[in-house]
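Examination of the molecular architecture
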Amino acid sequence: MVAYLDHAATTPIRPEARRAMLALMSEPGFGNPSGAHSVARAARRAVEDAREVVAAALGAEPSQVVFTGGGTESDNLAVAGRSPRGHILCSAVEHDAVLESVRAAGGTTVGVNPEGQVDLDDLKRALGAEPAPAAAPPTPAAPPGSARGSAPTPASLVSVMTANNETGVVQPLDRVIGITRRKAPAALVHTDAVQAVNWLDPAAATAGADLVSISAHKFGGPQGVGALVVRNAADLDVTVHGGGQEAGRRSGTHNVAGIAGLAAALAVVQEDREALVKRVGDLRDRLADGLLASVPGAVETGRREDKVAGICHLCIPGVESEALVFLLDQAGVCASAGSACASGATQVSHVLRAMGVPEELARGALRLSLGWTTTEEDVDAALEAVPAAVARLRSSAAAVPAVRAPSPARSAR
Amino acid sequence: MRVLAAMSGGVDSSVAAALLVDEGHQVVGATMKLWGGPSDSGCCSVSDVDDARRVCHQLGIDHHVFNFSEDFDRHVVGPYVEAHRSGLTPNPCIECNRHIKFDRFLDRALQLGFDAVATGHHARVVRLPGAAALVRGRDAAKDQSYVLSMLGQAQLARLLLPVGEMTKAEVRAEAARRGLRTAAKPDSQDVCFITASAGRPAFLGQRIELHPGRLVDSANGATVGTVDAIELVTVGQRRGIGSGPDGRRHYALSVDPRAGQVTVGPLEELMTDLVRVGAWTWTAHPVEPGTAVGAQVSAHGRALPARLDPDGHQVRLVEPTRRVAAGQTVALYDGDEVLGSAVAV
């Protein structure tokens, strides 16, 4: 049996989503929604039904929902769509989809406090000199880093995620919005809500944000489909050109089955969320408390009360995440170090670095993320496997240097 | 045995893993991510990781990626740059083997409960009662025992080199027979973290300040020319060094970045029968001074007849050879068996 505790990476598909998708991948649901005949109309109907579901869940108008190829694309559309209009700021703990887009646009990052929440004073400082003189000469791209002084040109976008993908820490988005409106009235606020939809009412959690990214596979829908909600008639440059689908904001033939799957999963989560949060939150608490008690030196990242219900993130001194995840995999527990690059290699997390977590702790990061399929047995499996793996790594870490020690004749090292 | 196979995404390590699976070992493949920068191939690009992963899929074994890029920076790239700054000619592949593949990776394997590691190097580990010997690979043209010459018993005891008994052609044929996607992949060339297009000058130029240097004739101390970057000059180099007054080609005889000076002279001054080295690592036992050995001074060279001088820090060659640049590795052989190695000073 495999204990799947990597829901923050991707969730198992909800049966309702699978059924909705299968219906559209069969006759006669295969149509191109942009066509002018009965088959096309059936597909268009599915997309528009889905749009209403998303709009209702996000507290937006259907016309404000842009279907995309996933969370990363939504984030890119938001950042790239605003970058020609001025400076972009984001928190230092954003997902790479935002962080790298902001970096590419020459933007600035705003620091976080040790609890992993965006530093509001740093944000105020970064927006401080707003509005900058309109005649200011173009400045070279600022290197990402803590905001110093003021943004070089008027801010066009502030992007702060709703909940962090590694630590699960929920950001003080309402205060970010308040500060931005006051300091930089021309700037829009974007929030990457990809990790939040499962656990928080997305309409309330993202209230007031102009742009919201969501991704289906984080809440029981399929991979490769998401949405960008563009509220308040927000002005975005077009970055994906083509046939003009999605009101010209995102061209390309719709992923009709994916969109239907997204909406079906979202509908289930909207119904189920209260019970899910209670049930999974209890499981997560039992898991986190159990590991903190059984793994000497383990430290929980961020404050429990700030986190979404599904994430248990620990830093374990004296072990390396990569080795720990390997042993957990062998023990049938699917876990994550929290951050990986395209090749699959584990990286020291920029999130933990931004929080000021000491290197020695950050190297031993472990994320166990729970979701709608998680059972008591899964938690039991992790409660057994993690302390065993940590003990093993710690004991062999002490034994291994003997292999490396130079023999008397091997003096060169 | 439980074996962790180091898989670079190349044909040799692909076949190595396949052979171990055939032999009935419990094999897991692992690719080390070592370098985050641009690379022609080496062992680090996403496409190489993908190739290794795909081969593991075909072999029906698990594949993992280990990110050792920080260790690689610290133990290989940093010292490489530093060595060039101080006028040495480093061999980063050897340092990678020393510090990464047969230290960090081996440690990780043992930590995870593996009995041994395997690589696709063309060399052989011969197990004798109570000891393991490192021996040249069967394909003399592809032999890689030189770059493994720093290994000791602790590493050899846990090392499997399954393709050492095969020629490169046999390895490729085996990969093709099994339909492995790496069968026709070109051999990796040169230093994995330096691209052919940008080259060493650009790589070093981004990391250290390059200084012009004077070419000084060894015969009379006269300045006979200049080079743009003394950090890029290697002992034995001919290109850009010019000729003597008699029209004979000159070579770089020694490089002194602190004085900004490259001493140059004709070929006979480059020739020497003496190589001074630092501390030795021995595969099993120290070589007694005076013992007749073979000394190999470059990855693609052959072993030259030699003896170890009494002080243990000089290798005396029977026939003079071109001066060995400081930083290069000298490996000692008894026939095909590696005895040990040291770095020229």
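Everything numeric here is computed off the predicted structure, so don't read it as measured data.

1. Quick notes on the overall build of chain A
The number of helices and strands found in chain A is 13 helices and 12 strands. The 413 residues of chain A split such that 53% are buried. Partitioning the contacts of chain A with sequence separation of at least 6, the portion at a separation of at least 24 is 69%.

2. Comments concerning the environment of D246 of chain B
Residue and element names in this part refer to chain B. Along the polypeptide, D246 turns up in the loop between β9 (223–227) and β10 (251–256). Accessibility expressed as a C-beta count within 10 Å gives 6 for D246, which makes it exposed. C-alpha separation for the pair D246 and R323, spaced 77 residues apart in sequence, amounts to 22 Å.

3. Re the pairing of strand β18 (residues 337–343) of chain B
The side chains of a regular strand alternate, residue by residue, between the two faces of the sheet. All names here are of chain B. Within β18, 6 of the 7 residues are buried, which leaves the element mostly enclosed by the surrounding structure. Sheet topology places strand β13 (residues 281–282) next to β18; 2 bridges connect them, and they run antiparallel. Paired with W282 across the bridge in β18 is G340. In terms of strand pairing, strand β17 (residues 329–334) meets β18 through 6 bridges, oriented antiparallel. Within β18, the position partnered with Y333 by the bridge is V338.

4. Focus on the sheet that holds strand β11 (residues 261–265) of chain B
Residue and element names in this part refer to chain B. Read across the sheet, 4 strands follow the order β9-β8-β11-β10 without closing on themselves; strand pairing throughout is mixed. Looking along the sheet, the strands with just one partner apiece sit at the ends: β9 and β10. Neighbour-to-neighbour, the strand axes of this sheet turn through a mean angle of 30 degrees, independent of strand direction. In the sheet, strand β8 (residues 213–217) pairs with β11 via 4 bridges, with the strands oriented parallel. Across the sheet, residue L215 finds its bridge partner in β11, namely V262.

5. A short note on the domain arrangement of chain B
All names here are of chain B. For chain B, the assigned domains read domain 1 (2–120 + 161–177), domain 2 (209–265) and domain 3 (272–343). Taken over C-alpha atoms, the centre of domain 1 sits 27 Å from the centre of domain 3. Taken together, the contact between domain 1 and domain 3 spans 6 residues of the former and 5 residues of the latter.

6. Observations regarding the sheet that holds strand β2 (residues 65–68) of chain A
Hydrogen bonds between backbone groups are what pair the strands of a sheet, and the pairing can be parallel or antiparallel. Residues and elements named next belong to chain A. Read from one edge of the open sheet, 7 strands run β2-β8-β7-β6-β5-β3-β4, paired in mixed fashion. The sheet is open, and its two borders are formed by β2 and β4 (108–110), each paired with just one other strand. Here the average twist between neighbouring strands, direction ignored, is 20 degrees. Against the sheet, helix α2 (residues 38–58) contacts β2, β7 (211–215) and β8 (226–230), and its axis sits at roughly 120 degrees relative to β2. Relative to β4, helix α5 (residues 120–127) is tilted by about 150 degrees, and along the sheet it contacts β3 (87–91), β4 and β5 (155–159).

7. Some points on unusual backbone geometry
Phi is mostly negative for residues that are not glycine, and the peptide bonds are mostly trans. Residue and element names in this part refer to chain A. At E246, a residue that is not glycine, the phi angle is positive and equals roughly 55 degrees. Checked against the element boundaries, E246 lands in the loop between β8 and α8 (256–294). Since 21 C-beta atoms lie within 10 Å of it, E246 is described here as buried. Phi angles above zero are rare outside glycine, and A247 is one such case at about 55 degrees. Relative to the assigned elements, A247 resides in the loop between β8 and α8.

8. Here's the deal with the packing of helix α1 (residues 15–24) of chain A against α8 of chain A
Residues and elements named next belong to chain A. Contact geometry for α1 and α8: axes closest at 8 Å, N-to-C directions at 155 degrees. When the axes of α1 and α8 are compared, the pair comes out roughly antiparallel. Judged by the twist between their axes, the crossing of α1 over α8 is right-handed. Within the contact between the two elements, α1 uses E16, A17, A20, M21 and L24 and α8 uses V256, A257, A260, G261, A264, A265 and V268.

9. Focus on α2 of chain A
Residue and element names in this part refer to chain A. With 21 residues, α2 ought to run about 30 Å at 1.5 Å a step, and its terminal C-alpha atoms sit 30 Å apart, in line with that. Within α2, the full set of buried residues consists of A43, A46, V47, A50, R51, V53, V54, A57 and L58. Taken around the axis of α2, the buried residues stretch over an arc of 160 degrees, which confines them to a single face. Structurally, α2 contributes buried residues whose contacts are with α1, β2, α7 (202–205), β7, β8 and α8. Once α2 ends, the next one or two residues include G59, with phi positive near 65 degrees.

10. Notes on the domain arrangement of chain A
Residue and element names in this part refer to chain A. Segmenting chain A into domains produces domain 1 (3–8 + 272–398) and domain 2 (15–269). Its C-alpha centre places domain 1 at a distance of 27 Å from the equivalent point of domain 2. Across the contact, 24 residues belong to domain 1 and 25 residues belong to domain 2. Breaking the side of domain 1 that touches domain 2 down by element, the ones donating at least two residues are α8, β10 (311–315) and α10 (350–354). A per-element tally of the side of domain 1 that touches domain 2 places α8 first, with 3 residues. Looking at the side of domain 1 that touches domain 2 residue by residue, the class counts come to 9 nonpolar, 9 polar and 6 charged.

11. Side note on α5 of chain A
All names here are of chain A. Among the residues making up α5, those that are buried are D122, L123, A126 and L127. With its buried residues spanning 130 degrees around the axis, α5 presents them on a single face. Of the surrounding elements, those touching the buried residues of α5 are β3, β4, β5 and α6 (173–183).

12. A closer look at the pairing of β5 of chain A
Residue and element names in this part refer to chain A. Taking burial as the measure, the 5 residues of β5 include 5 buried ones, the bulk of the element. When β3 meets β5, the two strands line up parallel, connected through 4 bridges. When the bridges of β5 are listed, L89 appears paired with V158. As paired strands, β5 and strand β6 (residues 188–192) are joined by 3 bridges and run parallel to one another. Bridge pairing links L157 to L188 in β6.

How each quantity is defined
- Residues numbered from 1 in each chain as written.
- Chains lettered and ligands numbered in written order.
- Predicted model: local features only at pLDDT ≥ 70, side-chain atom pairs only at ≥ 80, totals over all residues.
- Helix = DSSP H or I, 4+ residues; strand = E, 2+ residues; numbered from the N terminus.
- Buried ≥ 20, exposed ≤ 12 C-beta atoms within 10 Å, placed from the backbone.
- Contact = placed C-beta atoms within 7 Å.
- Pairing = 2+ DSSP bridges.
- Axes fitted to C-alpha atoms, helices over the stretch in contact; angles between N-to-C directions.
- Domains from an automatic or database assignment.
- Parallel < 35°, antiparallel > 145°, perpendicular 65-115°, else oblique.
- Left-handed = near helix turned anticlockwise from the far one by under 90°.
- Expected span 1.5 Å × (residues − 1).
- Arc of directions from axis to C-beta.
- Nonpolar A, V, L, I, M, F, W, Y, C, P; charged D, E, K, R; others polar.

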